[in-house]
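Notes for the structure review
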Amino acid sequence: MKLCMIGTGYVGLVSGVCFSDLGNQVICVDKDLTKIKKLQRGIIPIFEPGLDELVKRNVRNKRLVFSNDLKNSVKKSDIIFICVGTPTKKGGSNADLSQIYGVAKELSKSLNKFKIIITKSTVPVTTGDEIEKILLKNNSKNKFSVVSNPEFLREGEAIRDFIYPDRVVVGSNDKKSNKILKNLYSPLITKGAKYVPTSRRAAELIKYASNAFLATKITFINEIANLCEKTNINIDDISIGMGLDQRIGSRFLRAGPAYGGSCFPKDTKAITSTADKFKINLSVIKSVIKSNENRSKLLLKRVYEILKNKIKNKRISFLGVTFKANTDDMRDSSSLKMIPELSKKGAIVKYFDPTGYKIEFKKFKNVQYAKSLSTCLDKADLIIIHTEWNDFKSIDFKKIIKNKKTLIFDMRNLYSPQIMTKNKLNYFSVGRGLK
Ligand code: UDX
């Protein structure tokens, strides 16, 4: 099939490349010419394991091209995926849909034959209705069909998530496009993905409800971890004990720092503000947002306790600053709250991240990037494990740490408290008693 992906951000690029790998003819379009030129030269703008090889292979096989010419790319294609950003509006909680509607306006002038227009971006319920209205201004009803087909890709695991999804949700109000999309996804359906055809509005809401639910699960276990700290219980036992109940499930029950990234913080806010518009109070999700916002303060409080409130001139080494492992994404990472606060209190912060230097900390004069793990750990008073990269899972602290007084605060519970204590290391973690 002939596909056009509008927007070569995370969603558009990964989906476009994967669709081409399934044998489709794909044009990835972006108005950012510099980005397109780089992609044409094989330079990938995002960090996603395995993506560059997939791009190279499909460009070589002539199934994948990059262009900044939206009009012509749309004319050549049968299925158009809108994959532009829907960030939170400045100073509010609503999703900013200006890019979506901007694309819809351009599309409305380029429909030379019947096309399926799909929102893959996360859009609030009823956005598809609005896109339809825009397209109807210049086109008759039989020229197009507007469909919602949300993505559920995790950064760092996106290619695997695309090829082996739990489900493919297609929200369409007509049978024709539903049939075409089922056909497009048939290679994944034969591998076991469940195909879920729904109304367009339902598909839009499934995406938000799923992300809000996962954010709730994480926040829930983080709060239970707080109780475990006071009652000397190991949160890992609770996660295992709860997760084995199939109604609950074991995933997304890992206690740690506040959830971050490009989706959960944005989508939890957007779903509550959409509901507010319909005079529905999503009070559970609202309290999840509050609890998560408070999480970094709470973990900082623990840092202060661990350092006995003596922060000034303390050498603090941060391991990992991205919001999770296997990504270079800093969006809404809890390190953005914690590091500036520690620096304000006079700590000397060094950080190491496998994805390198971060511009976000440039303005803090006592925050420094360390080029290697060992230079980061050198002479630290406190080591904070912030992100769960594999590189940090088997550090020989006993060998590396020269100063016997160095403290370790493992915010991801990567190490066993028993083994760390046996090795005479001053180890603290999350939700496993206070020590
Ligand atoms: C998420 C959704 O999982 C994906 O389906 C959607 O399409 C986009 O948003 P992503 O933002 O890439 O994906 O990250 P994810 O792996 O879901 O993690 C989100 C946050 O939750 C991270 O900060 C992570 O550290 C945190 N998390 C996750 C936990 O704290 N505990 C867990 O058990 C799981």
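Note that the coordinates shown come from a computational prediction; the quantities given were computed from them, not determined experimentally. (Residues numbered from 1 in each chain as written. Predicted model: local features only at pLDDT ≥ 70, side-chain atom pairs only at ≥ 80, totals over all residues. Heavy atoms only, no water.)

In this section: the domain arrangement of the protein chain. Buried accessible area, meaning the area lost when the parts come together, often serves as the stated size of an interface. Each domain of the protein chain was delimited in the assignment, giving domain 1 (2-198), domain 2 (208-289) and domain 3 (295-429). For domain 1 and domain 3, the distance between their C-alpha centroids amounts to 38 Å. Taken together, the links from domain 1 to domain 3 amount to one salt bridge. The shortest N-O distance in the salt bridge between Arg331 and Glu155 comes to 3.9 Å. Summed over the shared surface of domain 1 and domain 3, the result is two residue pairs in polar contact (both at pLDDT 80 or more). A per-class count over the side of domain 1 that touches domain 3 returns two nonpolar, one polar and three charged. (Domains from an automatic or database assignment. Salt bridge = Lys/Arg side-chain N within 4 Å of Asp/Glu carboxyl O. Polar contact = N/O pair within 3.5 Å; in protein donor to acceptor, adjacent residues only side chain to side chain. Nonpolar A, V, L, I, M, F, W, Y, C, P; charged D, E, K, R; others polar.)

Sheet architecture is open: six strands sit in the order E11-E10-E9-E12-E13-E14, paired in parallel fashion. Across the chains shown, the open sheet's two edge strands, defined by having one partner strand only, are strand E11 (367-369) and strand E14 (426-429). Pairwise comparison of adjacent strand axes, ignoring direction, gives a mean angle of 20 degrees for this sheet. In terms of strand pairing, strand E10 (residues 348-352) meets E11 through three bridges, oriented parallel. (Pairing = 2+ DSSP bridges. Helix = DSSP H or I, 4+ residues; strand = E, 2+ residues; numbered from the N terminus. Axes fitted to C-alpha atoms, helices over the stretch in contact; angles between N-to-C directions.)

Turning next to the pattern of salt bridges. Side chains carrying opposite charge are able to pair once their charged atoms draw close together. For the coordinates displayed, the defined rule picks out 22 salt bridges. Asp236 serves as the salt-bridge partner of Arg432, at 3.1 Å between the closest nitrogen and oxygen. With Arg432 in the segment after E14 and Asp236 in helix H11 (residues 235-243), the pair connects residues that are 196 residues apart, well separated along the chain. The exposure class of Arg432 is buried, given its relative accessible area of 9%. On the basis of relative accessible area, Asp236 is assigned to the partly exposed category, the value being 26%. (Buried < 20%, exposed > 50% of the residue type's maximum accessible area, 1.4 Å probe, protein only.)

A few words now on the packing of aromatic side chains. Throughout the structure, instances matching the rule amount to eleven aromatic pairs. Connected via pairs of aromatic rings, a cluster forms that spans Phe19, Phe81, Phe162 and Tyr185. Arg167 extends its terminal NZ or CZ atom over the ring of Phe152, reaching a point 3.6 Å from the ring centre. Lying over the aromatic face of Phe114, Lys176 brings its terminal NZ or CZ to 3.7 Å of the ring centre. (Phe/Tyr/Trp six-rings, centres within 6.5 Å; stacked < 30°, edge-to-face > 60°. Lys NZ or Arg CZ within 6 Å of the ring centre and 35° of its normal.)

Right, let's talk about helix H5 (residues 98-108) for a bit. Buried within H5 are the following residues: Ile100, Val103, Ala104, Leu107 and Ser108. The arc that holds every buried residue of H5, seen down its axis, measures 140 degrees, which confines them to one face. Considering only its buried residues, H5 is in contact with strand E1 (2-6), helix H4 (70-76), strand E4 (79-82), strand E5 (115-119) and helix H6 (127-136). (Arc of directions from axis to C-beta. Contact = heavy atoms within 4.5 Å.)

The subject of this paragraph is the site of the ligand. Surrounding the ligand, one finds 18 residues, the nearest of these being Glu155, Arg254, Gly260, Lys324 and Arg412. Contact between the ligand and Leu253: an oxygen atom at 3.3 Å from a main-chain N or O atom of the residue. With respect to the ligand, the backbone of Phe323 contributes an N or O atom lying 3.4 Å from an oxygen atom. If you tally residues by element for the shell around the ligand, the top one is helix H10 (residues 200-231), at three residues. Grouping the constituent residues of the shell around the ligand by class yields nine nonpolar, two polar and seven charged. (Near = heavy atom within 4 Å.)

Here we come to the packing of H5 against H6. Between H5 and H6, the shortest axis-to-axis distance is 8 Å and the interhelical angle comes to 30 degrees. Judged by the twist between their axes, the crossing of H5 over H6 is right-handed. Across the interface between the two elements, Ile100, Tyr101, Ala104, Lys105, Leu107 and Ser108 from H5 touch Thr127, Glu130, Ile131, Ile134 and Leu135 from H6. A per-class count over the contact of H5 with H6 returns seven nonpolar, two polar and two charged. (Left-handed = near helix turned anticlockwise from the far one by under 90°.)

Attention shifts here to unusual backbone geometry. Positive phi is not limited to glycine here, since Thr126 has a value of about 90 degrees. Mapped onto the elements, Thr126 comes out in the loop between E5 and H6. Since its relative accessible area comes to 21%, Thr126 is described here as partly exposed. A positive phi angle is found at Asn413, which is not glycine, with a value near 50 degrees. Mapped onto the elements of the fold, Asn413 is located in the loop between strand E13 (407-410) and helix H17 (417-422).

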